[in-house]
Amino acid sequence: MNTTATSDQKVVVLDFGAQYGQLIARRVRDLHVYSEIVPCDISADELAALKPSAVILSGGPASVYAEDAPKIDPGVLELGVPVLGFCYGQQIMAVTLGGTVGHTEKGEYGPAPLTRQGESQLLDGTPDEQTVWMSHRDAVSEVPAGFVVTSHTDVCPVASMECPERKLYATQFHPEVRHTPNGNDMLSNFLFKICGLEADWSMDNLVERMVSAIRQKVGDDRVILALSGGVDSSVVAALMSRAIGKQVTCVFVNHGMLRKDEPEQVEEVFTKQFDVDFIHVHAAERYAKLLDGVTEPERKRQIIGTQFWKEFFAVAQKLDGVKYLAQGTIYPDIIESGARKTGGKASTIKSHHNLIPFPDGVSFDLIEPLDHFFKDEVRALGTALGLPDHIVYRQPFPGPGLAIRIIGSVTPEKLGILKNADAIVREELDAYNAKLFEETGERNSAHSCWQYFAVLPDIRSVGVMGDERTYARPIIVRAVESSDAMTADWAKLPYEVLARISSRIVAEVPGVNRVAYDITSKPPATIEWE
Ligand code: XMP
């Protein structure tokens, strides 16, 4: 959604389909200036209405001369607002203003040595020779009238150009990526020296900005939200609560396969701390019936997912006057499902996110207030809204819950065992992570566990307890280090931590007589067992 307020300073990024176009907006926000992204085909009038303090043109995969190449309304460059273009952004600026773009002989991908030439406001204070990150085959061959070339590489004669009189600046390289070590200085030059902006933006401003945008959009209408208790939906719930109070109904579908004490914690936060209309759907028995005897992992997922929306819409259809469905979609979800909002130009990687199976005759308008933001920004927003750390820093938890951590069929007995064993794993590893956080000051330091839980396999083994033979269940402990779940390594936990987890589980969880630790990375394994 558009979180625009009209009076504050704001940098608007025009997205030409860069795979990570939001990274530019993100870098600007990291420098404490508010930034948001809009599709590249925005007209100059529409853009002017947003009252941007500055405009940045992103990169993009197209060739400027290709038939379907995204264009820019030339009026954007005439608004009198400073404009900075990166990569495709430089090329489109050049051709729009009468310059030319051609193929370079070899193309340039990765780090490239850059040499500055002449004066440059944009590169001011950065070394004469420096490394920049390039990713292009085309490049500007002739700059438009009034522009000067401010740097080059062996392959690229116009690595950057500027026309200070018209406040137009551009680079062929990517200052927004960390592999351009001086990129942040260039962005600072643009924002603070060239545009004269102030670094006055913070999470609190953002909360205010989002709250007023939500109020403006929703008016007197009602909003419904599927609250899972995860970070994203909880932050949306907290935000909605701040903006529109009881006009939002949070529907919490409890399928009975959440972790120990989790449903109670979610209910506590959203009934005591936040003023929303909270509906707790106790659906455990219905799910248990549906899952009875089901052993195939994908079938479990399918049953749980389908039933979730049935439960949700059964409630939603009973409520009067609901116009909007709020969702905690965040920016990486959009990237994974192909850029839906940002011009639709980035190529699709996966398409499974956020497809809502609306029943016939039911539809709501979507509100997705987090769709510009990265996970760590969402967490910071959650903290600014007053959400407790146990929600804000909650580890990822799959939608199908413990059902995919019980190998084979799900029964109440197995669920009980797994919940208790899992609670011990989490308690011990929460403490381990907290100790690392205290020592390093980093929440996700090199050895902290990113995701950790217990798994209940469908076997039994022999043991001996108090002179008695036992034939009981093992528990598998899974703890991984990761940053994005795409790859993961098993956590090299200290033996004493593993020993404590093992002895506590066999002592405290009836029915378990053995504990094993999964020492497989992803790939070849996955994080979950099913
Ligand atoms: P895998 O097991 O594929 O998991 O390595 C990667 C990440 O995704 C989570 N996961 C799921 N999340 N529904 C979800 O919402 C699912 O069906 C599902 N399966 C796996 C997993 O917990 C890990 O963080």
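Rules of the game
- Residues numbered from 1 in each chain as written.
- Predicted model: local features only at pLDDT ≥ 70, side-chain atom pairs only at ≥ 80, totals over all residues.
- Heavy atoms only, no water.
- Pairing = 2+ DSSP bridges.
- Helix = DSSP H or I, 4+ residues; strand = E, 2+ residues; numbered from the N terminus.
- Axes fitted to C-alpha atoms, helices over the stretch in contact; angles between N-to-C directions.
- Contact = heavy atoms within 4.5 Å.
- Polar contact = N/O pair within 3.5 Å; in protein donor to acceptor, adjacent residues only side chain to side chain.
- Near = heavy atom within 4 Å.
- Nonpolar A, V, L, I, M, F, W, Y, C, P; charged D, E, K, R; others polar.
- Core = buried A, V, L, I, M, F, W, Y, C linked by side-chain atoms within 4.5 Å.
- Buried < 20%, exposed > 50% of the residue type's maximum accessible area, 1.4 Å probe, protein only.
- Domains from an automatic or database assignment.
- Phe/Tyr/Trp six-rings, centres within 6.5 Å; stacked < 30°, edge-to-face > 60°.
- Lys NZ or Arg CZ within 6 Å of the ring centre and 35° of its normal.
- Parallel < 35°, antiparallel > 145°, perpendicular 65-115°, else oblique.
- Left-handed = near helix turned anticlockwise from the far one by under 90°.

Draft legend 1. Here's a closer look at the sheet that holds strand β14 (residues 365-367). With parallel pairing, 5 strands are arranged side by side in an open sheet as β12-β11-β10-β13-β14. Two strands lie at the open edges of the sheet, namely β12 (277-282) and β14, each paired on one side alone. Strand-to-strand twist across the sheet, computed as the mean angle between neighbouring axes with direction ignored, equals 30°. Each of β10 (222-226), β11 (248-254), β13 (322-326) and β14 touches helix α6 (residues 231-244); the most contacted strand, β10, lies at about 160° to it. This element, helix α7 (residues 262-273), spans β11 and β12 of the sheet and lies at about 165° to β12.

Draft legend 2. Broad picture of the environment of Q90. Looking at where Q90 falls in the secondary structure, it is placed in helix α3 (residues 88-96). Placed 357 residues apart in sequence, Q90 and H447 show a C-alpha to C-alpha distance of 41 Å. If we skip the residues at most four places from it in the chain, Q90 touches G85, V140, V158, A159, S160, M161, A170, T171 and Q172. Side-chain polar atoms of Q90 contact the backbone nitrogen of T171, separated by 3.3 Å.

Draft legend 3. Quick peek at the site of the ligand. Taken together, R301, P396, P398, G399, P400, I404, Q451, A485, K522, T526, I527 and E528 make up all the residues around the ligand. Here K522 contributes a side-chain N or O atom positioned 2.7 Å from an oxygen atom of the ligand. Measuring from an oxygen atom of the ligand, one finds a backbone N or O atom of I527 at 2.8 Å. Counted by class, the shell around the ligand contains 6 nonpolar, 3 polar and 3 charged residues.

Draft legend 4. Inspection of the nonpolar core at higher detail. The biggest cluster of nonpolar side chains holds 95 residues, and the ones touching the most others in it are F270 and L429. The two domains that each donate at least three residues to this core are domain 2 (206-392) and domain 3 (411-517). Not counting chain neighbours up to four residues away, the residues in contact with L429 comprise C449, Y452, A479, L493, V497 and I501. One finds L14, I42, Y88 and L97 within the second-largest nonpolar core, a separate group that totals 31 residues.

Draft legend 5. Looking closely at the packing of aromatic side chains. All told, the structure shown has 14 aromatic pairs when counted by the stated rule. Through successive ring pairs, a cluster of aromatic residues spans F308, W309, F312, F313, F358 and F364. A cation over an aromatic ring shows up here: R405 above the ring of F453, its NZ or CZ 3.6 Å from the ring centre. One cation-aromatic arrangement involves R443 over Y393; the distance from NZ or CZ to the ring centre is 3.6 Å.

Draft legend 6. Representation of the domain arrangement of the chain. Assigned domains within the chain: domain 1 (11-194), domain 2 (206-392) and domain 3 (411-517). Here the C-alpha centroids of domain 1 and domain 2 sit 37 Å apart.

Draft legend 7. Representation of the packing of α6 against helix α11 (residues 375-384). Running from amino to carboxyl end, α6 crosses α11 at an angle of 40°, the nearest separation of the two axes being 10 Å. The orientation of α6 with respect to α11, classified from their angle, is oblique. α11 is crossed by α6, and the crossing has left-handed handedness. Of the residues in α11, those in contact with V231, D232, V235 and R242 of α6 are K375, V378, R379, L381, G382 and A384. Along the lines of polarity and charge, the residues of the contact of α6 with α11 split into 5 nonpolar, 1 polar and 4 charged.

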